[in-house]
Amino acid sequence: MVEHLDEVGVTACVVIGGGGHALVVIEAMQLEGRFSPVAIVDADPASCPPDILGVPVRGDDSTLPALIEEGATHFVVAVGAIGRPQVRRGLFESAFAAGLTPATVTHPGAIVSAHATVGAGSQILAGAVVNARTRLGSNVIVNTGAVLEHDCQIGDHVHIAPGSAVAGGVAIGAGSHVGIGSSVKEGVTIGASVVVGAGAVVVSDVDDGLVVTGVPARPRKS
Ligand code: JB2
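Residues numbered from 1 in each chain as written. Predicted model: local features only at pLDDT ≥ 70, side-chain atom pairs only at ≥ 80, totals over all residues. Heavy atoms only, no water.

Enquirer: What should I look at first to understand the sheet that holds strand β24 (residues 211-213) in this one?
Expert: For sheets, the rule is that strands pair by backbone hydrogen bonds, running either parallel or antiparallel. The eight strands lie next to each other as β7-β10-β13-β16-β19-β22-β24-β25, forming an open sheet whose pairing is mixed. Looking at strand neighbours, the two that pair on one side only are β7 (105-106) and β25 (218-219), the edges of this open sheet. Inspection of the sheet shows β24 paired to β25 by two bridges, in the antiparallel sense. Bridge assignment links T213 to a residue of β25, and that residue is R218. (Pairing = 2+ DSSP bridges. Helix = DSSP H or I, 4+ residues; strand = E, 2+ residues; numbered from the N terminus.)

Here is the structure:
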């Protein structure tokens, strides 16, 4: 058991998920130093290592009340859930309902404009850029090396995967996933729950719920 976290003077954060994305998020948190990752919960704790970067895997999501009792106050959703954005939305909502506050994580090697707005629980990872007047909703991932240019509107639970480039004035609806290494042309509107495939180039608007792939990106036939 850990000590009572209030007594050790840290802003104690529970990490939801114990896979590859957790490793990246935990390192960002440890470097930033704003929140202290103190415990990991995972749906399948037996498949996880005992700890990730020294943060112990404590059990599954049913462990949250005990961790709150020990003094945990915050959470971060560290599940990438590529192509299944409803998973990250559900985890965010249940941790919030359990009484935890979302922790916003910014890797010290990310660049975030002072004129950008970042919603609660969002993660801006190493080498990412968020430019002026861009607004991020809650629980957004701006993953390693992704670029969000100026005046973008990014909805809740969106995941911008590593190395993606989103040009100025783009709007992306809640729960969408912009795949690794893809590009979005300036002024384009992408709807909610859209999946943009890896390496796609989006040059025109995309309706809600579509999967688009290729160059230029087109809806995938089901
Ligand atoms: O409901 C859940 C749940 N569902 C899956 N609650 C909790 N607490 N944990 C959950 N998980 C756990 O998330 C799985 O049991 C698993 O341990 C973890 C997902 O790990 P995985 O390594 O498969 O994916 P990831 O989401 O951490 O990373 C993916 O996305 C990243 C953005 C990978 O593709 C990475 O390569 C990528 N960089």
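Enquirer: How do you make sense of the site of the ligand when you look at a structure like this?
Expert: Taken together, the neighbourhood of the ligand is formed by 17 residues, with G20, H21, D42, D61 and G80 sitting nearest. Within the backbone of A43, one N or O atom sits 3.1 Å away from a nitrogen atom of the ligand. Within the side chain of D61, one N or O atom sits 2.6 Å away from a nitrogen atom of the ligand. Of the residues assigned to the shell around the ligand, the class counts are seven nonpolar, seven polar and three charged. (Near = heavy atom within 4 Å. Polar contact = N/O pair within 3.5 Å; in protein donor to acceptor, adjacent residues only side chain to side chain. Nonpolar A, V, L, I, M, F, W, Y, C, P; charged D, E, K, R; others polar.)

Enquirer: I would appreciate a short explanation of the environment of A66 in the present structure.
Expert: Of note, A66 is situated in helix α2 (residues 64-70). Considering only alpha carbons, one finds A66 and H115, 49 residues apart in sequence, at a separation of 39 Å.

Enquirer: When you look at the sheet that holds strand β12 (residues 135-136) in this model, what are you seeing that I'm missing?
Expert: The strand order across the open sheet formed by five strands is β9-β12-β15-β18-β21, and the pairing between neighbours is parallel. Across the chains shown, the open sheet's two edge strands, defined by having one partner strand only, are β9 (117-118) and β21 (189-190). The pairing of strand β15 (residues 153-154) with strand β18 (residues 171-172) spans two bridges and is classified as parallel. Each bridged residue has a counterpart across the sheet, and for I154 the counterpart in β18 is I172.

Enquirer: Before we go on, may I ask you to explain the pattern of salt bridges in this structure?
Expert: Pairing between side chains of opposite charge can happen when the charged atoms of each approach one another. Under the definition given, this model contains two salt bridges. Between E70 and R58 there is a salt bridge, with its nearest N and O atoms 2.9 Å apart. One end of the pair, E70, is in helix α2; the other, R58, is in strand β4 (residues 55-59), and twelve residues separate them in sequence. Exposure remark for R58: the relative accessible area of 24% places this residue in the partly exposed category. (Salt bridge = Lys/Arg side-chain N within 4 Å of Asp/Glu carboxyl O. Buried < 20%, exposed > 50% of the residue type's maximum accessible area, 1.4 Å probe, protein only.)

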